[in-house]
Amino acid sequence: MENLLWSETPAARWLEAYPLGNGRLGAMVHGTPGREHLQINDGTAWSGSPLNEAANSRIDPAAAASALDDARAAISRGEPSAADQRLRDLQGGWSQAYLPFADLHLTAGESGGVVEAYRRELDLSTATCRVAYRLDGVETAWNSFVSRADGVLVLRLTARQPVGVRWEITSPLFVYGGEVDESGGSLLVRLPSDMPPPHEPDLSPVWDADPAAAVRGAVVLRVSHDGRAVAGGADGVRHLDLVLATETSFAGIGAPPEGSAEQARQRAVARVSRALARGVDALVTRHEQAHAELFDRVTLDLGSTSDRPTGARLRDGDPGLAALLFTYGRYLAICSSAAGGLPSTLQGLWNNEMRPPWSSNYTININTQMNYWAAETTDLAETVAPLADLLDALARAGAATARDLYRARGWVAHHNTDAWAFTAPVGRGRADPSWAFWPMGGVWLSRLLHEHVRFGASAEFARERAWPVLRGTAAFALDWLRRLPDGSMGTSPSTSPENHFLAGGRPAAAGESSTMDLALIAGLFDALTSLAGRLDRDDQAASPGGAALSARRSDDPVVSSVREVRPLIPGPPVGAGGLIAEWAGDPPPGEPGHRHVSHLVWVYPGDTPADPALLEAASRSLDDRGDDSTGWSLAWKLALRARLRQPAHVSRLLPLMLRPATADQTGERGGLYPNLLAAHPPYQIDANLGYVAAVAEMLLQSHDGAIDLLPAVPPDWPSGRVTGLVARPGVSVDLTWSTRDGRIGPTAIALRARRPSGRTTVTVTFAGRRTTVDLTAGDRVEVDPSTL
């Protein structure tokens, strides 16, 4: 199994630096000889506060009702362009941005000297970045990591001969206090109270001094060494340890900031002091153990390794990068999302721009969802915790938005949100409704909580976290649905994220009953009724496969309505050319080859109904969209082709995923930057994380009640081994395969129920054959491949 990214040169730019993180504190390590630079992120460093949405997105309920009624009437008259224009009157302002926090600079020796034997590497198995070189003949090594166990960044310098070391902390934020001395340093910062997105160029950042309007924070570092202390550094150093912590006044998702920068500094000092009291050797051990507890759960070996630099392999199209990219994606998931922090943003935990693309926030019409698709299947369920926190906050904040904009119960979120649980439509009355109007954000995002339950989350999580969120967004969906003349249910106005159809030869966004709308609502209703059965919240649904989680049965009015309405929601329609229609009535596409494949959401991450005609139409629809696209679209297409059991198509897509991208690349062409971060372009982490989910689907599927082995392994992977994948309802799977007579098949299979409860049996399938396996004892059970 490959665990190493490495380079023969330092990072010339940010997209060549190596990422470290613990879900809250992040760093990008550049590795410049003699002048080390670590760009620092704090996951709570967001512009603004909960005050922003109230200030820039308040829509009068009467005006909203009038705009919505007019839009619906225009659609009924066959005037979608008029509906688009009226929907602009529902738009609020903008959500806030995730921002860089600080920069740590260190000099060691004389920069600009002769550099020899340079090597920079990121060890994924230990989450450690190592840089080594000879500078003017002096052997120098830097090791750095960000500890999940102790919440600090640690940097260790070792030099074979004494060198002078200086350190400095800077920040692109507003700095209003700080110092650097012989023992370390600190910096006090304030974030902007408003940071409009870069697609609003007429708006400027606001730096309000009101403590309620913006987050404050601090960076603290302490240094120990064997040299002679001088102002801002040390001379004669052979060994140096640096420990850094950040803290802010962020008080929780959707909550106003609390406290001052000085209070944040005191907490950071305490954190650094606790870490130093343990000793750096102990910090290394604790860090590696905490990382390994998550990282070591899953391995993938495709039988191909290389000792060549990662960048050279990428340039040369080395197919062996497929396994390394899977491992790297799991590493990035571990580093960018952890309990007590915030969810992974468009760029994960890492951002170096004050006005980053799309504000580096949460785009919830695909990207945030994709960030968590692999959490369950690759045994990183702990990373879902901050997403559950975000959904709790959205459910609270989105209730007022549902009421005021749509006269609806429950809660709603649209296509953008942030650390303050922004739920309004964005756009300032002038954005295209194709992306600015989409009230399905909460409907889709909440499904991830149900997946968490399906993969074995606790009864408490199902009852206390998943149930209220799903019930609330289902209540909204019930009120959003409209009964049609034929008695079925639909939605109007209805968009399909960022796409258009043609009406009278002109592009329009708002139509009736987009396939995505109905598939998401149907999936939500199925999830709610399943959960109700598990929790005894419904007088008809039975708990599938086991005992109920609650002792008391009671009728629930939302569940009763869902059960009544669900049969009236049409399935995906097949339209012209045998393609899945994107809207009711199958209007002609306004953007053929569009990057979003929203009308196929029911295939993946949905549960893929076993209807050959629908699956053939889905495959044709993917053919119609074409292969090449943005990074995240490629990852979604890989997952879709895997779910459709099309290994040859998977093989066609993989080289597009594994090709190089340049920092100045534009357009809709995905790929990988030199540090293997994925290109939209620009950089977005969703493709890295979505790729992991797609590979898991190639190797293992469990959405239809059975554990299906090797459903879409590409012929490029004739043999391999994977350990630790997770199937519903919480079964760990180890699997080895090889090729015989031109057919890929399993050669070793082992399963284990992670939390056996009562009698636990599962059905295992391969190529249409099946066997039943008893996992009740909770032991690892080997399955004879010849039985399949």
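Quick caveat: nothing in here was measured; it's all calculated off a predicted structure.

## A few points about the overall build of the chain
Secondary structure summary: the chain contains 20 helices and 31 strands in total. The C-alpha atoms of the chain give a radius of gyration of 26 Å, which matches the 28 Å a tight globule of 788 residues would have. Counting every position in the chain, which comprises 788 residues, the buried fraction comes to 61%. Nonlocal contacts in the chain, meaning residues at least 24 apart in sequence, comprise 68% of its contacts between residues at least 6 apart. Carbon and sulfur atoms provide 49% of the accessible area of the chain, an area that totals close to 27,200 Å².

## Considering the packing of helix 15 (residues 515-535) against helix 16 (residues 557-565)
Following both chains from N to C, one finds helix 15 and helix 16 inclined at 130°, their axes separated by 10 Å at the closest point. The orientation of helix 15 with respect to helix 16, classified from their angle, is oblique. Crossing of helix 15 against helix 16: the hand is left-handed. Two secondary-structure elements touch here, helix 15 through F525, L528, T529 and A532 and helix 16 through V558, V559, V562, R563 and V565. Within the contact of helix 15 with helix 16, the residues separate by chemical class into seven nonpolar, one polar and one charged.

## Structural notes on the sheet that holds strand 26 (residues 720-727)
Taken together, five strands build an open sheet; the order of strands is 15-26-27-28-31 and the sheet is antiparallel. Across the chains shown, the open sheet's two edge strands, defined by having one partner strand only, are strand 15 (299-301) and strand 31 (781-783). For this sheet, the mean inter-axis angle between neighbouring strands, taken without regard to orientation, is 25°. Helix 20 (residues 686-699) rests against strand 15, strand 26 and strand 27 (731-740) of the sheet, and its axis sits at about 100° to strand 26.

## Here's the deal with a nonpolar patch on the surface
On the surface, F174, Y176 and W207 cluster together to form a nonpolar patch covering roughly 280 Å² of accessible area. Structurally, Y176 is set in strand 10 (residues 174-181).

## Re the nonpolar core
Grouped together as the largest cluster of nonpolar side chains are 229 residues, with contacts concentrated most on F525 and W636. The element contributing the most residues to this core is helix 15, with 13 residues. Those residues within four positions of W636 in sequence are excluded, and the remaining contacts are I366, M370, W373, W444, V597, S598, V601, Y604 and P605. If you look at the next biggest cluster of nonpolar residues, it comprises eleven residues, including V152, A245, V272 and A275.

## Observations regarding the side chain of R641
Mapped onto the fold, R641 is located in helix 18 (residues 631-643). Take R641: its relative accessible area is 2%, and that puts it in the buried class. Those residues in contact with R641 that sit more than four places away from it in its chain are S619, L622, D623, Q646, H649, V650, R652 and L653.

## Structural notes on the pairing of strand 3 (residues 25-29)
Taken across its five residues, strand 3 has five buried, putting it largely inside the fold. Burial along strand 3 is two-sided: the face carrying L25, A27 and V29 and the face carrying G26 and M28 are both buried. Taking the residues that link successive antiparallel strands as the turn, the strand 2 (residues 18-21)-strand 3 hairpin has three residues, and the phi of G23 there is positive, at about 90°. Two elements, strand 3 and strand 4 (residues 35-42), share five bridges in a ladder whose sense is antiparallel. Within strand 4, the position partnered with G26 by the bridge is N41. Counting the residues in the hairpin turn of strand 3 and strand 4 gives five residues, including G31, whose phi is positive at 75°.

## Focus on the environment of A149
Relative to the assigned elements, A149 resides in the loop between strand 8 (138-146) and strand 9 (153-170). With a relative accessible area of 33%, A149 lands in the partly exposed category.

## A short note on helix 4 (residues 261-278)
End to end, helix 4 covers 26 Å across 18 residues, agreeing with the expected 26 Å (1.5 Å per residue, within 8%). When we look at burial in helix 4, the residues that qualify are A261, A264, A268, V272 and A275. All buried residues of helix 4 fall inside an arc of 70° around its axis, so they share one side. In this structure, the buried side of helix 4 is in contact with strand 10, strand 11 (184-190), strand 12 (216-225), strand 14 (233-248) and helix 5 (280-295).

## Considering the sheet that holds strand 30 (residues 769-774)
With mixed pairing, the four strands of this open sheet are ordered in space as 24-25-29-30. At either margin of the open sheet sits one strand with a lone partner, and together these are strand 24 (700-701) and strand 30. Strand direction decides the pairing type here: strand 29 (residues 761-766) and strand 30, joined by six bridges, are antiparallel. What sits directly across from F766, in strand 30, is R769.

## Here we look at the confidence of the model for the chain
As a general rule, the predicted coordinates of low-pLDDT regions are not to be interpreted in detail. When pLDDT is averaged along the chain, the result is 95, and 98% of the positions lie at 70 or above. Long-range and interchain partners of residues 541-553, a stretch whose pLDDT sits below 50, account for 26 contacts in this model, where long-range means more than four residues apart.

## Structural notes on the pattern of salt bridges
Considering all chains together, one arrives at 55 salt bridges under this definition. A salt bridge links D392 to R465, with the shortest nitrogen-to-oxygen separation between them at 2.8 Å. Of this pair, D392 sits in helix 10 (residues 385-406) while R465 sits in helix 14 (residues 459-480), and the two are 73 residues apart along the sequence. The exposure class assigned to D392 is partly exposed, which follows from its relative accessible area of 21%. Under the relative-accessibility criterion, R465 is labelled partly exposed at 23%. Between R454 and D607 there is a salt bridge, and its shortest N-O distance comes to 3.2 Å. With R454 in helix 13 (residues 447-454) and D607 in the loop between helix 16 and helix 17 (612-625), this residue pair connects regions lying 153 residues apart in the sequence. Taking the relative accessible area as the measure of exposure, D607 reaches 33% and is therefore partly exposed. Through salt bridges with shared partners, one network takes in R24, D42, E247, R267 and R271.

## Some remarks on the packing of aromatic side chains
Applying the stated criterion across every chain yields a total of 16 aromatic pairs. Relative to Y604, the ring of W373 has its centre 5.0 Å away and its plane inclined at 90°; by these criteria the two rings are edge-to-face. Highlighted residues: W373 in the loop between helix 8 (367-371) and helix 9 (374-377) and Y604 in the loop between helix 16 and helix 17, separated in sequence by 231 residues. Plain terms: the ring middles of F437 and W480 are 6.2 Å apart, the flat faces sit at 50° to each other, and that makes the pair tilted. Taken together, the residues F437 in the loop between helix 11 (433-436) and helix 12 (441-445) and W480 in helix 14 connect sequence positions 43 residues apart. The class of W480 is buried, set by a relative accessible area of 2%. Put simply, the rings of W373, W444, Y604 and W636 touch in pairs and so form one group of aromatic residues. The ring of W6 carries the charged tip of R119 above its face, separated from the ring centre by 4.0 Å. Sitting over the ring of Y18, R120 keeps its end group 4.4 Å from the ring centre.

## Some remarks on helix 16
Among all positions of helix 16, only V558, V559, V562 and V565 are buried. Viewed along the axis of helix 16, the buried residues span an arc of 130°, placing them on a single side of the element. Exposed residues on helix 16 whose side chains face more than 90 degrees from its buried face are P557 and E564. Where helix 16 is buried, its residues contact helix 14, strand 19 (489-490) and helix 15. Put simply, D556 is the residue that caps the front of helix 16, since its side-chain oxygen is 2.9 Å from the backbone nitrogen of V558.

Parameters at a glance
Residues numbered from 1 in each chain as written. Predicted model: local features only at pLDDT ≥ 70, side-chain atom pairs only at ≥ 80, totals over all residues. Heavy atoms only, no water. Helix = DSSP H or I, 4+ residues; strand = E, 2+ residues; numbered from the N terminus. Rg over C-alpha atoms; globule rule 2.2 N^0.38 Å. Buried < 20%, exposed > 50% of the residue type's maximum accessible area, 1.4 Å probe, protein only. Contact = heavy atoms within 4.5 Å. Areas by Shrake-Rupley, 256 points an atom, 1.4 Å probe, with all protein chains shown as cover. Axes fitted to C-alpha atoms, helices over the stretch in contact; angles between N-to-C directions. Parallel < 35°, antiparallel > 145°, perpendicular 65-115°, else oblique. Left-handed = near helix turned anticlockwise from the far one by under 90°. Nonpolar A, V, L, I, M, F, W, Y, C, P; charged D, E, K, R; others polar. Pairing = 2+ DSSP bridges. Patch = residues over 30% accessible without salt bridge, like charges linked within 9 Å, V, L, I, M, F, W, Y side chains within 5 Å. Salt bridge = Lys/Arg side-chain N within 4 Å of Asp/Glu carboxyl O. Core = buried A, V, L, I, M, F, W, Y, C linked by side-chain atoms within 4.5 Å. Expected span 1.5 Å × (residues − 1). Arc of directions from axis to C-beta. pLDDT = per-residue confidence, 0-100. Phe/Tyr/Trp six-rings, centres within 6.5 Å; stacked < 30°, edge-to-face > 60°. Lys NZ or Arg CZ within 6 Å of the ring centre and 35° of its normal. Polar contact = N/O pair within 3.5 Å; in protein donor to acceptor, adjacent residues only side chain to side chain.

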